[in-house]
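Each chain, written out:
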Amino acid sequence: QVQLVESGGGSVQAGGSLRLSCAASRSTYTSNCMGWFRQTPGKEREGVAAINPTYGATYYADSVKGRFTIFQDGTRNTMYLQMNSLKPEDTARYFCASGCARYEITWSTPERYIYWGQGTQVTVSS
């Protein structure tokens, strides 16, 4: 079992920035299936970004391309989501996900991942 803990959420004005962090309980833990999702009340969980560290490949939802960046630090057990030029529609609870459960499905599908954090709230005001 691997526990994931998100942090870095908060309330910002439109156009501002936040950096979310996702720390794994194991210091040596890493996975080729790692990503960020977000969810608002009454809506399905939405894929935001994902990374495959082995190949350096990253993936983004069309709505955040050019504004968000997903990356890891040198330890490879912490994943980040740098969010710039935030918009009110980015308001949601953000979750980190890790572990490859289903390789054959797209990065943006929740069922691809094994482990999930409890989420951190991001609120963007106009």
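Please refer to the structure higher up on the page.
The residue numbering used here restarts from 1 in each chain and proceeds along that chain's sequence as written. Local features in this predicted model are restricted to residues whose pLDDT is 70 or higher, and side-chain atom pairs enter the listing and the counts only when it is 80 or higher, whereas totals over whole chains, interfaces and linings include all residues. Each side-chain value is derived from all of the structure's non-hydrogen atoms; neither hydrogens nor water enter the calculation.

### A word on the overall build of the protein
Numbering of helices and strands runs from the N terminus, with a helix taken as a DSSP run of H or I at least four residues long and a strand as a DSSP run of E at least two residues long. Broken down by element type, the protein carries zero helices and eleven strands. Helices and strands in the protein line up, N terminus first, as β-β-β-β-β-β-β-β-β-β-β. Taking 2.2 N^0.38 as the reference for a compact globule, 126 residues should give roughly 14 Å; the C-alpha atoms of the protein span a radius of gyration of 14 Å, in line with that estimate. Counting only C-alpha atoms, the protein reaches 40 × 30 × 25 Å along its principal axes. Only protein chains enter the area calculation, which uses a 1.4 Å probe; residues under 20% of their type maximum are buried, those over 50% are exposed, and those in between are partly exposed. In the protein, which comprises 126 residues, the proportion classed as buried is 45%. Based on C-alpha atoms, the radius of gyration is set beside the globule rule, defined as 2.2 Å times the residue count to the power 0.38.

### So, the sheet that holds strand β1 (residues 4–7)
Paired strands, as defined in this entry, are two strands with at least two bridges between them according to DSSP. Here we have four strands laid out as an open sheet, ordered β1-β3-β8-β7, and antiparallel in their pairing. Each edge of the open sheet is held by one strand with a lone partner, namely β1 and β7 (68–72). Each strand axis lies, on average, 15 degrees off the axis of its neighbour in the sheet, ignoring direction. Where β1 and strand β3 (residues 18–24) come together, four bridges link them in antiparallel fashion. Among the inter-strand pairings, L4 is bridged to a residue of β3, identified as A24. Axis definition: a line fitted to C-alpha atoms, limited for helices to the stretch in contact. Angles are taken between N-to-C directions and run from 0 to 180 degrees.

### Focus on unusual backbone geometry
For S85, which is not glycine, the phi dihedral falls at a positive 50 degrees. Of note, S85 is situated in the loop between β8 (78–83) and β9 (92–100).

### A few points about the environment of Y113
As for its position among the elements, Y113 is in strand β10 (residues 113–116). Along the backbone, Y113 and D90 are 23 residues apart, and their C-alpha atoms lie at a distance of 22 Å. Residue contacts for Y113: discarding those within four places in its chain leaves C33, M34, G35, F37, A50, A97, S98, G99, A101 and W107. Throughout this description, a polar contact denotes any pair of N or O atoms lying within 3.5 Å of each other; where both atoms belong to protein, one of them has to be capable of donating a hydrogen while the other can accept it, and for residues adjacent in sequence the pair is counted only when both atoms sit in side chains. A distance of 2.7 Å separates a polar atom in the side chain of Y113 from the backbone oxygen of W107. Note on contacts: a residue pair qualifies if any of its non-hydrogen atoms lie within 4.5 Å across the two residues.

### Structural notes on the state of the cysteines
For this text, the term disulfide refers to a pair of cysteine sulfurs within 2.5 Å. Per the counting criterion, the structure on display carries two disulfides. The disulfide partner of C22 is C96, and the S-S distance across this bridge is 2.1 Å. Every disulfide takes its handedness from the sign of the S-S torsion; for C22 and C96 that torsion is 60 degrees, giving right-handed. Of this pair, C22 sits in strand β3 while C96 sits in strand β9, placing them 74 residues apart in sequence. Taking relative accessible area as the criterion, C22 reaches 3% and is therefore assigned buried.

### Here's the deal with the pairing of strand β11 (residues 120–125)
Burial along β11 is one-sided: the face carrying T120, V122 and V124 is buried and the face carrying Q121, T123 and S125 is not. The pairing of β9 with β11 spans three bridges and is classified as antiparallel. Each residue of the ladder has a partner; that of A92, found in β11, is V122.

### Observations concerning the environment of T106
By secondary structure assignment, the location of T106 is in the loop between β9 and β10. Relative accessible area serves as the criterion here: at 39%, T106 is assigned to the partly exposed category. Sequence spacing of T106 and A49 is 57 residues, and the spatial spacing of their C-alpha atoms is 12 Å.

### Structural notes on the packing of aromatic side chains
Within 6.5 Å between ring centres, the rings of Phe, Tyr and Trp (the latter by its six-membered ring) count as paired, and their orientation is classed by plane angle as stacked under 30 degrees, edge-to-face over 60, tilted in between. Under the criterion given, the structure shown has five aromatic pairs. Between F37 and Y113 the ring centres are 5.5 Å apart and the planes differ by 80 degrees, which places this aromatic pair in the edge-to-face class. Placement of F37 in strand β4 (residues 34–39) and of Y113 in strand β10 is noted, with a sequence separation of 76 residues between them. Taken individually, F37 and Y113 each receive the classification buried, so the pair is uniform in this respect.

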